[in-house]
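As a plain string of letters, each chain reads:
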Amino acid sequence: MFAAWLVALSSSLGAIFIGEVMGQMPCELCWLQRAFMFPLAIILGIAAFRSDRGVTPYALTLAGAGWVVSLYHALLYFGFAPEKIRPCGSGPSCSDNAMTLFGSIPIPLLSLSAFTAIAFILALVFRRTRS
């Protein structure tokens, strides 16, 4: 549970850093992903420090929903969507070089990786809790 919280916390702090320090405004899909990630950081933090594994199904649901949005975002970013659909829809675009980490890792891929890691860890916790 603690590892899932660390991933959620670092992802949330990273999103705040990108927005507030780097000055990159999030697109609509980035906002949706934040709507799932920020509560995970709080819920998993409380659960980790209280050793409460009962929140696992709820946190797994949030992580799963965020994963679906981030997968869709990554598919748009990498061009697996029709040309009529541009990455990020309206608002700022994540498709330029400013929206990469270290000049090569796209932010939509970072989000997908974070939600995948959280979901994987929570699935392990859920499996151990049930057995």
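Cut-offs and rules
Residues numbered from 1 in each chain as written. Predicted model: local features only at pLDDT ≥ 70, side-chain atom pairs only at ≥ 80, totals over all residues. Heavy atoms only, no water. Helix = DSSP H or I, 4+ residues; strand = E, 2+ residues; numbered from the N terminus. Axes fitted to C-alpha atoms, helices over the stretch in contact; angles between N-to-C directions. Parallel < 35°, antiparallel > 145°, perpendicular 65-115°, else oblique. Left-handed = near helix turned anticlockwise from the far one by under 90°. Contact = heavy atoms within 4.5 Å. Nonpolar A, V, L, I, M, F, W, Y, C, P; charged D, E, K, R; others polar. Core = buried A, V, L, I, M, F, W, Y, C linked by side-chain atoms within 4.5 Å. Buried < 20%, exposed > 50% of the residue type's maximum accessible area, 1.4 Å probe, protein only.

A. Region of interest: unusual backbone geometry. Here the phi dihedral of S51 falls at roughly 55°; this positive angle occurs in a residue that is not glycine. Relative to the helices and strands, S51 resides in the loop between α2 (28–50) and α3 (56–77).

B. Geometry of the packing of α2 against helix α4 (residues 107–130). For the pair α2 and α4, the least separation of the axes is 12 Å and the interaxial angle reads 40°. Our classification of the angle between α2 and α4 gives oblique. Once α2 is placed against α4, the crossing between them reads as left-handed. Residues Q33, F36, M37, L40 and L44 of α2 form the contact with α4, whose participating residues are S111, A114, F115, I118 and L122. In the contact of α2 with α4, the residues fall into 8 nonpolar, 2 polar and no charged.

C. Broad picture of the nonpolar core. The biggest cluster of nonpolar side chains holds 20 residues, and the ones touching the most others in it are M1, A8, L40, L44, I118 and L122. For this core, the secondary structure elements donating two or more residues are α1 (2–21), α2, α3 and α4. With 7 residues, the top contributor of residues to this core is α4. Aside from chain neighbours lying at most four places away, what touches L44 is M1, A4, W5, A8, A59, I118 and L122. One finds C27, L29, C30 and L76 within the second-largest nonpolar core, a separate group that totals 5 residues.

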